[in-house]
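Report on the structure
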Amino acid sequence: MKALKQSTIISNLETAPGAYVLSFPRSFAFVPGQVIGIAMKPDEKPRLYSIASGNQEALVRILYTVKPGGKLTPGLARLQAGDVIYTSEPFGGFICGAEKAVWVATGTGIAPFASMFYSGLSVNKVLIHGNRFASGLYFLDDFLQVMGNRYVPSCTREAVEGIYHGRVLKYLSELEQLDPLVKYYLCGSAEMVVDVRDLLIERGVPFENVVAEIFF
Amino acid sequence: MEEKRDVLFGKTLKQLEEVVKKLGLPRFTAAQIADWLYKKEVTSIEEMSNLSRDARGKLAARFDVGLSGPAKVQVSVDGTKKYLFRALNGKFIETAYIPERKRHTLCVSSQVGCKMGCLFCFTAKQGFQGNLSAGEILNQIRSLPESDLLTNIVYMGMGEPFDNLDGVMQSLEILTADFGFAMSPKRITVSTIGIVPAMKVFLEQSTCHLAVSLHSPFEEERRRLMPIEHVYSLNDVLEAIRSFPLGKQRRISFEYIVFKDLNHSPKHVKELARILNGIRCRINLLRFHPVPGTPLNAPDEETLVTFKTALESKGLVTTIRKSRGQDIYAACGLLSTKEQQPG
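Note that the structure is a prediction, hence the values are computed from the model and not measured. (Residues numbered from 1 in each chain as written. Chains lettered and ligands numbered in written order. Predicted model: local features only at pLDDT ≥ 70, side-chain atom pairs only at ≥ 80, totals over all residues. Heavy atoms only, no water.)

Re the sheet that holds strand E11 (residues 164-165) of chain A
Residues and elements named next belong to chain A.
- Pairing in this open sheet of six strands is parallel, and the strands run E11-E10-E9-E8-E12-E13 from one edge to the other. One side of each edge strand has no neighbouring strand; the edge strands of this open sheet are E11 and strand E13 (210-212).
- Bridge count between strand E12 (residues 183-187) and E13: three bridges; the pairing is parallel. Its bridge partner being in E13, Leu 186 is matched across the sheet by Ala 212.
- Relative to strand E10 (residues 151-155), helix H3 (residues 140-147) is tilted by about 145°, and along the sheet it contacts strand E9 (125-131) and E10.
- Sitting on the sheet, helix H5 (residues 190-202) touches strand E8 (101-106), E12 and E13, and the angle it makes with E12 is about 160°. (Pairing = 2+ DSSP bridges. Helix = DSSP H or I, 4+ residues; strand = E, 2+ residues; numbered from the N terminus. Contact = heavy atoms within 4.5 Å. Axes fitted to C-alpha atoms, helices over the stretch in contact; angles between N-to-C directions.)

Describing H3 of chain A
Residues and elements named next belong to chain A.
- Buried within H3 we find Leu 140, Phe 143 and Met 147. Angular distribution of buried residues about the axis of H3 spans 70°; they occupy a single face of the element. Structural note: H3 exposes Asp 141 and Gln 145 on the side pointing more than 90 degrees away from its buried face.
- Along its buried surface, H3 packs onto helix H2 (111-118), E9 and E10. (Buried < 20%, exposed > 50% of the residue type's maximum accessible area, 1.4 Å probe, protein only. Arc of directions from axis to C-beta.)

Considering the environment of Pro 112 of chain A
All names here are of chain A.
- Topologically, Pro 112 is positioned in helix H2.
- In sequence terms Pro 112 and Val 196 are 84 residues apart; their C-alpha atoms lie 18 Å from each other.
- In this structure Pro 112 touches Gly 33, Ser 50, Ile 51, Phe 94 and Cys 187, once residues within four positions along its chain are discounted.

Side note on the interface of chain A and chain B
- Between chain A and chain B, the residue contacts involve 21 residues of the former and 26 residues of the latter.
- In total, about 2100 Å² of surface goes out of reach between chain A and chain B, with carbon and sulfur atoms giving 62% of it.
- When the buried area of chain A at its contact with chain B is split by residue, Phe 207, Ile 214 and Phe 216 of chain A rank highest and sum to 28% of it.
- Remark: the boundary between chain A and chain B carries two salt bridges.
- At the surface where chain A touches chain B, the tally comes to seven residue pairs in polar contact (both at pLDDT 80 or more).
- Counting only elements with at least two residues in the side of chain A that touches chain B, the list comes to H5 and E13 of chain A.
- At six residues, H5 of chain A tops the list of elements feeding residues into the side of chain A that touches chain B.
- Residues of the side of chain A that touches chain B, tallied by class, amount to 13 nonpolar, two polar and six charged. (Buried area = accessible area lost by both parts, 1.4 Å probe. Salt bridge = Lys/Arg side-chain N within 4 Å of Asp/Glu carboxyl O. Polar contact = N/O pair within 3.5 Å; in protein donor to acceptor, adjacent residues only side chain to side chain. Nonpolar A, V, L, I, M, F, W, Y, C, P; charged D, E, K, R; others polar.)

A closer look at the pairing of strand E4 (residues 81-86) of chain B
Residue and element names in this part refer to chain B.
- Judged from the four bridges that link them, strand E3 (residues 72-75) and E4 form a sheet pairing that is antiparallel. When the sheet's bridge partners are listed, Gln 74 is paired in E4 with Lys 82.
- Connecting E3 to the next strand, E4, in antiparallel fashion are five residues, including Gly 79 with a positive phi near 95°.
- Here E4 runs beside strand E5 (residues 92-99); their pairing, made up of six bridges, is antiparallel. Note on E5: the bridge partner recorded for Lys 81 is Tyr 97.

Quick word on the domain arrangement of chain A
Residue and element names in this part refer to chain A.
- Here the domain parsing of chain A yields domain 1 (5-87) and domain 2 (101-212).
- Centre-to-centre, using C-alpha coordinates, domain 1 lies 23 Å away from domain 2.
- In this complex, domain 1 contributes 18 residues to the contact, which on the side of domain 2 involves 13 residues.
- Summed over both partners, the interface of domain 1 with domain 2 comes to about 1100 Å²; 70% of that surface belongs to carbon and sulfur atoms. (Domains from an automatic or database assignment.)

Quick word on the domain arrangement of chain B
Residue and element names in this part refer to chain B.
- Split by domain assignment, chain B resolves into domain 1 (6-64) and domain 2 (72-340).
- Here domain 1 and domain 2 have C-alpha centroids that lie 34 Å from each other.
- The partner domain 2 presents 14 residues to the 11 residues of domain 1 that form the contact.
- The largest per-residue losses of area from domain 1 upon contact with domain 2 belong to Phe 9, Thr 12 and Tyr 38, which jointly make up 48% of the total buried on that side.
- At the surface where domain 1 touches domain 2, the tally comes to one salt bridge.
- Close ionic contact of Arg 142 with Glu 41 constitutes a salt bridge, the shortest N to O distance being 3.4 Å.
- Run the count over domain 1 and domain 2 and you get six residue pairs in polar contact (both at pLDDT 80 or more).
- Every element with two or more residues in the side of domain 1 that touches domain 2 is listed here: helix H1 (13-22) and helix H2 (28-39).
- The leading source of residues in the side of domain 1 that touches domain 2 is H2, at four residues.
- Residue composition of the side of domain 1 that touches domain 2, grouped by class: five nonpolar, three polar and three charged.

Written out as structure tokens, the structure reads:
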């Protein structure tokens, strides 16, 4: 990885308990789905985060949750507008084009899909996003407004009207048909990715149509 | 609330020096403790008999040695043993002891579960629970009944070693340092799926051997087998290896699981020869052992031999790794997953 570049924070807002959206000016081109490394010091080992903003937006947004005892996020959450962070160039190949596809995410695994969404790639897509609580359904209003019923929010720990109650795995398993000809993009906890991938394969989706992202 | 007790086993000499400094003990006590922990193999602070009673008391008030034996073992008809050690949240980690005539290899875990989600791996199905500390990694070696017989250590058990770089590097330091186990780094191999920044740190700071999980020379195909390809491509991995002066002693090997009708065609041979050109390495072919829920199948013996011969005809040093312990859930993650399922 090349030397990290300094960026000045524009905002760092707590969007849900323990979850933050950090933004800074975009000074690079990227492909939706790519990641960048973020560090608080220029010589620190950067942590990887998926970009959550569109590729034409002026600001880059990063969605993160604070990991108690973590090396980066507790400090990152204390930063304010005007403070600086250090970022790598974008990289990575978790990329989806304009073709029909199903996006499945849990938690902050929504970030690469948010980037694709804000880059105008949601037209032929179904987005299924799960979290424990409704407050963790980041960008819900935007998804609902544009995607309508192609957006399926789900919660495991609370029952909320209009939101599927249960795991994304359960939602998928209850669908009568899963189109084997489209690609399924998965991003979230390792457990979810593996469980959903197993389910898809069991239901006849060829494994070459299952595209999984690592969630560091 | 009771203060959580720290453990001594797994601390480097420098860390032990910090411990004794905090306790107001002479600096040389650190080397004495290291000697007891890593060479004399004590299991309690009380046994550290050349430490003063006062020093032992101060240590025992704050620390445990931190060793714990295996919770379970399964023995294969071929002599391979798979040990389960208790880890976080009621989970288990696996350690495989593989005896041969002259070599006794131990395959250690570096994480509880794994984040990497490889399609062919059963550990991935447990999700990720956490990193093992250096002490927990080394405990698999020290607390093994066959500990004294070991000739080789391979970091190829559960977890991705370079996703736990701190714990793995610390354990390697203790394994190879004079104050520690004083093992030759040539007897130790760390296997990775290719987390490039951490791999570079390993190449720079350690002289142990490196094994890279390859499994396909084609980006799209490898991506479907190993999601890491999205983040760090094989091309990046090979570029990092090429840019590093490896010397004559250090070995780079590429692990290649052969799947039926998937990754052993002449096209694969040609591409492997192309991408590995100029890297002094060897390829280890492994026969895939199907795990529940994967769409992949095992190749027959003839396929393996044909593929090996084809690779060798291109000048690539290739071996076929003998399958061991097939009767005891030998594939990584199978036994520990079975153990934590309700009975």
